[in-house]
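If you want the building blocks of each chain, they are given just below.
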Amino acid sequence: NFRELRAELEARTISWIDDPSNTSERFERVRMRSLTGRMDQKALAQAIRVMDGLAHMRAAMMAEASAGLAQVEMNDAAARIGVDILGRLGSEARLRLLEALLMAAGGAETAPRSEALKRLADRVSRGVGLSGGVTLAGAWVRWDNGAVILSQAPPRRDEVAGAGPAWDRAGPLLADPRLGALAV
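Note that this is a predicted model, so its numbers are computed, not measured. Each chain has its residues counted from 1, running along the sequence as written. Note on the predicted model: pLDDT of at least 70 is required for a residue's local features to be given, and 80 or more for side-chain atom pairs to be given and counted; whole-chain, interface and lining totals, by contrast, use all residues. Working from all heavy atoms in the structure, the side-chain values ignore hydrogens and water.

Caption draft 1: Structural context of the overall build of the protein. Helix and strand definitions here come from DSSP, where helices need a minimum of 4 consecutive H or I residues and strands a minimum of 2 consecutive E residues; each element is numbered from the N-terminal end. Scanning the protein from terminus to terminus reveals eight helices and five strands. Any two residues whose heavy atoms approach within 4.5 Å at even a single point are treated as in contact. For the protein, contacts bridging at least 24 residues in sequence account for 54% of all contacts bridging at least 6.

Encoded structure:
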């Protein structure tokens, strides 16, 4: 609690700086602090247990997606992953793996829209509608003999080709450093 912290700092004659973001309702952390401050202890303990369980589930799913990434064949131009490998992943792990590969292939800084990603994952799992390839997040995704190939999308006529896929980005995109902070 801020009052206790300030009282302790004053007792030790330690100065501090107030950060206005710590009280701005624009930020989720501020809204969550306010909400948890109003909850009774039993409800708060239950909410913490639920959040802890969700954090562990997310960590397991990300580990599953990372294990799938280890099975992806990559070279300077493209990544290839068997549909059988994708089929063995849970649906959320498959989405996160495809998302990381798309962003690494296309150089996107932000993840593709979830609806577009889900449509692509569905098409990939069924092998439907990928014969000529589709583009998403700057990546070109196509079907090849039981596998999905991802590479950088060809440049448009008025564009210069990019540097190529940055496959080394895929692993860090699947490693979420916030997971440790979520576990209670």
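Caption draft 2: How the structure looks around a nonpolar patch on the surface. Patch membership is restricted to residues that have no salt bridge and whose relative accessible area is over 30%. Joining uses 9 Å for like charges and 5 Å for the nonpolar side chains Val, Leu, Ile, Met, Phe, Trp and Tyr. Values of accessible area rely on a 1.4 Å probe in the Shrake-Rupley scheme; residue burial ignores everything except the protein chains shown. Note on definitions: salt bridges are taken to be side-chain nitrogens of Lys or Arg within 4 Å of carboxyl oxygens of Asp or Glu. Together, M32, L35 and M51 make up a nonpolar patch on the protein surface, roughly 240 Å² of accessible area in all. Tracing the chain through its elements places M32 in helix α2 (residues 28–38). On the basis of relative accessibility, which here comes to 34%, the residue M32 falls in the partly exposed class. A 1.4 Å probe rolled over the protein chains alone gives each residue an accessible area, and that area as a share of the maximum for its type sets the label: buried under 20%, exposed over 50%, partly exposed in between.

Caption draft 3: Representation of the pairing of strand β5 (residues 147–152) in the model. The buried fraction of β5 is high, at five of six residues. Each pair of strands is called paired provided DSSP finds at least two bridges between the two strands. Alignment of strand β2 (residues 78–82) against β5, held across five bridges, turns out to be antiparallel. Its bridge partner lying in β5, A79 is registered against L150. Here strand β4 (residues 139–144) pairs with β5 via six bridges, running antiparallel.

Caption draft 4: Geometry of the packing of aromatic side chains. A pair of aromatic rings is counted whenever rings of Phe, Tyr or Trp (Trp by its six-membered ring) have centres within 6.5 Å, and the orientation is called stacked for planes under 30 degrees apart, edge-to-face for over 60 and tilted otherwise. Under the defined criterion, the tally for this structure stands at zero aromatic pairs. Over the ring of F27 we find R29, and its NZ or CZ is 5.0 Å from the ring centre. The ring of W140 is capped by R142, whose NZ or CZ atom sits 3.9 Å from the centre of that ring. A ring is considered to have a charge above it if a Lys NZ or an Arg CZ atom is located within 6 Å of its centre and within 35 degrees of its normal.

Caption draft 5: Inspection of the environment of D168 at higher detail. Checked against the element boundaries, D168 lands in the loop between β5 and α7 (170–174). For the pair D168 and A105, spaced 63 residues apart in sequence, the C-alpha to C-alpha distance is 10.0 Å.

Caption draft 6: How the structure looks around the pattern of salt bridges. What the rule picks out here adds up to seven salt bridges. R80 is paired through a salt bridge with D144; the nearest N and O atoms lie 2.8 Å apart. One end of the pair, R80, is in strand β2; the other, D144, is in strand β4, and 64 residues separate them in sequence. Judged by its relative accessible area of 26%, R80 is partly exposed. A salt bridge links E115 to R113, with the shortest nitrogen-to-oxygen separation between them at 3.9 Å. For R113, a relative accessible area of 55% puts it in the exposed group. Each member of the salt-bridge network shares a partner with another, and the members are E92, R96 and E99.

Caption draft 7: Just unusual backbone geometry, in detail. With a phi angle near 50°, T13 is a residue other than glycine that sits in the positive phi range. Looking at the secondary structure, you find T13 in the loop between α1 (2–11) and α2. We classify T13 as exposed; its relative accessible area is 73%. A positive phi angle, close to 55°, is found at A137, a residue other than glycine.

Caption draft 8: Broad picture of the packing of helix α5 (residues 91–106) against helix α6 (residues 114–126). Between α5 and α6, the least distance of the axes is 10 Å, while the angle of their chain directions is 105°. With respect to their mutual orientation, α5 and α6 come out roughly perpendicular. Here L95, R96, L98, E99 and L102 of α5 lie close against α6, whose contacting residues are L117, K118, L120 and A121. Residue polarity is assigned by list, with Asp, Glu, Lys and Arg as charged and Ala, Val, Leu, Ile, Met, Phe, Trp, Tyr, Cys and Pro as nonpolar; anything else, Gly included, falls into the polar class. Residue composition of the contact of α5 with α6, grouped by class: six nonpolar, no polar and three charged. To obtain an axis, a line is fitted to C-alpha atoms, over the contacting stretch when the element is a helix, and the angle between two such axes runs from 0 to 180 degrees between their N-to-C directions. Orientation is classified from the angle alone, with under 35 degrees giving roughly parallel, over 145 giving roughly antiparallel, 65 to 115 giving roughly perpendicular, and any other angle giving oblique.

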